[in-house]
Amino acid sequence: MLLAAGPLLFLAGLLATPILAHLLPRPLAQTLALWLLPLGLAAVAARALRQRAADLLAIGWGALLLVFAGPLPVLATVVLAAAALVLGHALLPRRPPELRIAVGLALVAGALGWLLALPVHRAIVYWPLLLALAGWRWRLLATEARALTGGWRVAVDAAPGAATVAIATLGLLSTAAWLPTLEFDDVVYHLALPAQLQQLGAYRFDAQSQMWALAPWGGDVLHGVVQVLAGGEGRGALNALWLLLLATLGFRLVRAVGEDAAGGFAGVALIASVPTLLWLVGGMQAELPSAVLAMAIALQLAVPPGERGGCGDGGEGERRRLFALAVLAGGLMTIKASNVLLALPLASWWLAVAARRLPWRWLPAGLGVLLLVGGSSYVFAWGLSGNPLLPLFNDVFPNAIAGGSGLDRRWLVGFGPDLPWRIAFETDRYVEAFPGGAGFLPVVLAGGAVAALAMRRTRALALAAIAAWVLAMLPMQYARYALPASLLLVPALVAGTRALAGGRAGMAMLGLVLVANLAFFANGSWIWRAGAVKRLLDPRDGGVVGIHRDFLPERMLGPLLQGRDDVRLLVVGPEPAIAEFGGRAFAGSRYDLELAAAITAAAEDGSAAAWSALFVEFGFTHLSLRPGLTPSLDAALPAIGGEPEAALGVIELWRLPVAPGARDLMRERDGRRALPLPAGNSDRG
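Note that the structure is predicted; figures quoted are calculated from it, not measured.

**Q** Is there a simple way to think about the packing of helix H13 (residues 261-272) against helix H25 (residues 503-519) in this case?
**A** Any two packed helices are characterised by how steeply their axes cross, that is the angle between the axes, and by the distance between the axes. As a packed pair, H13 and H25 sit with axes 10 Å apart at the nearest point and diverge in direction by 15°. Comparing their axes, H25 and H13 come out roughly parallel. Crossing angle aside, the handedness with which H13 passes H25 is left-handed. Contact with H13, carried on its side by Ala262, Ala266, Ala269 and Leu270, involves Met507, Leu510, Val513, Leu514 and Asn517 of H25 and no other residues of that element. Looking at the contact of H13 with H25, its residues break down into 8 nonpolar, 1 polar and no charged.

In structure tokens form, the structure reads like this:
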């Protein structure tokens, strides 16, 4: 009966909600084509070439990533991963390589967070440092490569069918990494830090133009490393690395709770089938790296030191283990403040595991490591604004930059015991997705969750994941915030379902939820659902330029204004896509209270004189707008001497007359000017 509860809940959702109306033929066909066609080709080629289908799929999807994410961003990401592995090896010499890479990436993000104000973020600095670090331990890297290749062969030989399905599903998900950056939060915020590191060599700390500019930035720092190395956006390549780490850590965690290789690959396939990951792999949100670091912590806790893959015995091993956990926890904190809710259940698990052998004398040092890795954004935000959590909790920490608590009231829907079911079938109420876009894991595998709580080998993991999910959803019912906890639960769900149903029936149940997730896979991202991948593959649609034109034409401004240091651009319209301009673009939105008020006042006045006064006061040299949205602005531009410079789809770029003595908003709002930097550093850009 317990086993049947999940499928019955799933059937009830299909019948009681209008979710099937959101299962559209074209997105479904796109999903099936990108999943089944590579599977079929790999099966035929494997038989003809006497190779393993999983190997051919991995090679094929890797080659496509190289083409669409770009060779230089992929190379930059590989070098970053190699350097991270070397750093992580110093703390965890006997742990799996993906765990060491996660530790190393957290160290890199934590260290660079303190150096963002200094003009040292140049390719001529990054390349020699990372190559030297990787070259210093080239024998280690070669050994790890051989070990990974051998381990892959053993795992695939143990479960070739499950491995092939897992790689096919990972490949399907990786198509989101091919796409250009289009998501709202990315083009108005996340892309700013990488763009400024690439263009200026430093970060401007401009919270007046973007109130989230001082929020935890660890994920964006790593995107910045890849972008500086590659000389252009490398989001897709880095997200592919996060995805690979998530899959391999998930595989190892399934094995750590007692499952075989088939169960491990089933866990990988289930993780990759969660539709919301399309949004994360296609963007720069914090939940993807957060899920990786949470999975790394769980693997550390699930495999005690002294066991196979442990970090050693005795005091030395415990000390390294403590510091590695501190680095990973600090990594969570430097990526997102709310990750404290994800870390608390994991910390409780650690205390339960380590209670009898806790290295008390090293706890202060471990706390110091955590603060060093995770604390940079909070210190800068506190020093520059008075609020370490800017723009959250401004009612607690008043400041002149932002007001209110920072909570988005759209997602205060209400917490209840039926919330997992509602998120699955009424997804659009809980995240920017379509019904079914969150997947059906906790619904179909509800019985497996109960079984996981009952089994000793999975109880701690299941409790930690469920507690983290509840903590994430209590303050605000926004499904994306709980995704790391949901993914952390997958290994326990796999083990619980297989224990409850038995071998074949358990795998059949896991296959059922995989099919359900894939059916609604496109509903996890409006960009993917609208056929962006198909358009990228069809040269007749114009590739990236065509996608920019039809999805977000403001992104077409970048190539036009690149390298023009004297430009001060005002973007007026529904898409304040200013992040890519390195601090040279501004928009009147809820993220810039001063400018938003000024634009509102000019629009209410409606005269050419009011618009001219606005442009002169703020020193704008160019204006981007969508004609027809603000009629008084359309009429004012010719009257004040504006000159049309370009028409890009539905947007226009105008050159504005520049008055002597106008404000230089870029220099004026440079937060580095308030920092005790060496002379000249705060005025760069």
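**Q** Could you clarify how one ought to interpret unusual backbone geometry in this entry?
**A** Residues other than glycine predominantly adopt negative phi, and peptide bonds predominantly adopt the trans conformation. Omega for the bond connecting Leu390 with Pro391 falls within 30 degrees of zero, at 5°, which places this linkage in the cis form. Positive phi, close to 55°, is recorded for Arg50, a residue that is not glycine. Within the secondary structure, Arg50 sits in the loop between helix H2 (25-49) and helix H3 (53-69). On the basis of relative accessibility, which here comes to 79%, the residue Arg50 falls in the exposed class. Its identity as a non-glycine residue notwithstanding, Phe205 has a phi of 55°, on the positive side. Position of Phe205 among the secondary structure elements: in the loop between helix H10 (192-200) and helix H11 (218-230). Looking at Phe205, the relative accessible area reads 3%, which means it is buried.

**Q** I tried to follow the pattern of salt bridges on my own but got confused; where do I start?
**A** If charged atoms from side chains of opposite charge come close, those side chains can pair. In this structure the tally under the stated criterion is 29 salt bridges. In this structure, Glu144 and Arg100 form a salt bridge, with 2.5 Å as the shortest nitrogen-oxygen distance. Residue Glu144 is found in helix H7 (residues 138-158), and its partner Arg100 is found in helix H5 (residues 97-113); the two are separated by 44 residues along the sequence. For the residue pair Glu144 and Arg100, the accessibility class agrees, reading buried in each case. Glu554 is the salt-bridge partner of Arg626, the closest N and O atoms lying 2.9 Å from each other. Residue Arg626 is located in the loop between strand E3 (622-625) and helix H32 (631-639), and its partner Glu554 is located in the loop between helix H28 (543-551) and helix H29 (557-561); the two are separated by 72 residues in the primary sequence. Since its relative accessible area comes to 1%, Glu554 is described here as buried. Salt bridges sharing common partners tie together Asp592, Glu594, Glu617, Arg663, Glu668 and Arg669.

Cut-offs and rules
Residues numbered from 1 in each chain as written. Predicted model: local features only at pLDDT ≥ 70, side-chain atom pairs only at ≥ 80, totals over all residues. Heavy atoms only, no water. Axes fitted to C-alpha atoms, helices over the stretch in contact; angles between N-to-C directions. Helix = DSSP H or I, 4+ residues; strand = E, 2+ residues; numbered from the N terminus. Parallel < 35°, antiparallel > 145°, perpendicular 65-115°, else oblique. Left-handed = near helix turned anticlockwise from the far one by under 90°. Contact = heavy atoms within 4.5 Å. Nonpolar A, V, L, I, M, F, W, Y, C, P; charged D, E, K, R; others polar. Buried < 20%, exposed > 50% of the residue type's maximum accessible area, 1.4 Å probe, protein only. Salt bridge = Lys/Arg side-chain N within 4 Å of Asp/Glu carboxyl O.

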